[in-house]
Amino acid sequence: MTQSHSQRVTRSDVAKEAGTSVAVVSYVINNGPRPVAEATRQRVLQAIKKTGYRPNGIARALASGSTQTYGLIAPDISNPFIASMAHALQREAFSDGKVLLLGDAGDNSGRERELINNMLHRQVDGLIYTSVDRHPYIELIQESGTPCVMLDRVDPGLNVSVIQVDEQLAAWQVTKHLIDHGYCDIGIICGPREMLNTQDRIRGWQLALEESSLIINPSWIFSTNYTRAGGYEATKRMLQGKPPRA
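Residues numbered from 1 in each chain as written. Predicted model: local features only at pLDDT ≥ 70, side-chain atom pairs only at ≥ 80, totals over all residues. Heavy atoms only, no water.

This paragraph deals with the layout of surface pockets. Rolled over the atoms, a probe with the dimensions of a water molecule shows which regions are left empty. Within this model, the largest pocket holds a volume of roughly 970 Å³. Together, 40 residues line the largest pocket, and F81, E167, N197, R201 and Y226 are the ones closest to its centre. Within the residue set of the lining of the largest pocket, elements represented by two or more residues are α5 (80–95), α8 (167–180), β6 (188–190) and α9 (196–211). With six residues, the top contributor of residues to the lining of the largest pocket is α8. (1 Å grid on protein atoms, 1.4 Å probe; cavity = no way out; pocket = protein on both sides within 12 Å on 5 of 7 lines; lining within 4 Å. Points joined across faces, edges and corners; volume = space filled by probe spheres on them. Helix = DSSP H or I, 4+ residues; strand = E, 2+ residues; numbered from the N terminus.)

Encoded structure:
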């Protein structure tokens with residue numbers, strides 16, 4: 001018994017081929033809830049193989065209440081850090097038998113909202129989310145009842161689970177490290193000035209210089225895009241003038 005490619009094979013087709021009921025086919029596919037005699041089970045498995053039947057993952061998800069799928073919403077997958085993070089998350093999801101759907105917002109807040117809606121419509125079991133501008137669409141996610149973990153610092157009043165790096169503190173620490181090694185003329189290559197994590201990094205740099213009574217030279221702030229090419233361009237700009245020593 002063969003089915004044309006344009007016609008989806010159903011459990012009824014499998015049951016007909018195996019000479020059993022649709023319920024028995026379901027018991028075999030779902031490994032329960034009722035036991036099936038081994039001979040019958042083998043007939044069903046052979047019928048599945050012969051007909052080319054593939055279980056409907058969406059229907060199974062609706063029945064079980066779980067899609068075994070997570071969504072990752074990221075600002076820009078071309079950023080090497082974001083790409084590396086996505087790769088690690090996908091590896092962990094796969095090792096646990098889950099699927100990770102990737103949503104690349106392209107540093108666009110409007111696109112980010114569309115991606116979130118798309119993930120929610122697909123009924124993902126949970127969202128891993130880092131926002132473009134740290135003004136995340138938390139209410140939209142919470143209204144859906146979908147679990148969410150933010151990979152960014154957000155307003156504590158949003159009542160959301162967060163895994164974060166204190167970027168202001170990190171920038172302060174690296175600047176202080178250079179100061180402790182005798183450097184006084186310290187610049188910073190950073191991301192776009194309108195982005196909040198860039199502002200955090202600049203503030204950390206400024207605080208370390210202020211605490212050591214060192215001059216803050218605004219011309220030594222080299223803002224660029226978060227790309228390898230952006231870093232190269234900012235470095236060329238820095239070397240064209242009177243560059244900082246560190």
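Turning next to helix α6 (residues 109–121). Compared with the 18 Å implied by 1.5 Å per residue over 13 residues, the 19 Å span of α6 between its first and last C-alpha is a close match. E112, I116, M119 and L120 are the residues of α6 that are buried. Angular distribution of buried residues about the axis of α6 spans 100°; they occupy a single face of the element. Counted as exposed and oriented over 90 degrees from the buried face of α6: E114 and H121. Between the side-chain oxygen at the start of α6 and the backbone nitrogen of G110 there is a gap of 2.9 Å, and the oxygen is on N108. One or two steps after α6, the chain reaches Q123, where phi turns positive at roughly 55°. (Expected span 1.5 Å × (residues − 1). Buried < 20%, exposed > 50% of the residue type's maximum accessible area, 1.4 Å probe, protein only. Arc of directions from axis to C-beta. Polar contact = N/O pair within 3.5 Å; in protein donor to acceptor, adjacent residues only side chain to side chain.)

Another aspect to go through is unusual backbone geometry. Note on backbone geometry: most residues besides glycine have negative phi, and most peptide bonds are trans. Although it is not a glycine, D107 sits at a positive phi angle of roughly 55°. Counting through the fold element by element, D107 comes out in the loop between β2 (99–104) and α6. What makes D107 partly exposed here is its relative accessible area of 38%. The phi dihedral of Q123 is positive, around 55°, even though this residue is not glycine. Checked against the element boundaries, Q123 lands in the loop between α6 and β3 (126–129). For Q123, a relative accessible area of 44% translates into the label partly exposed.

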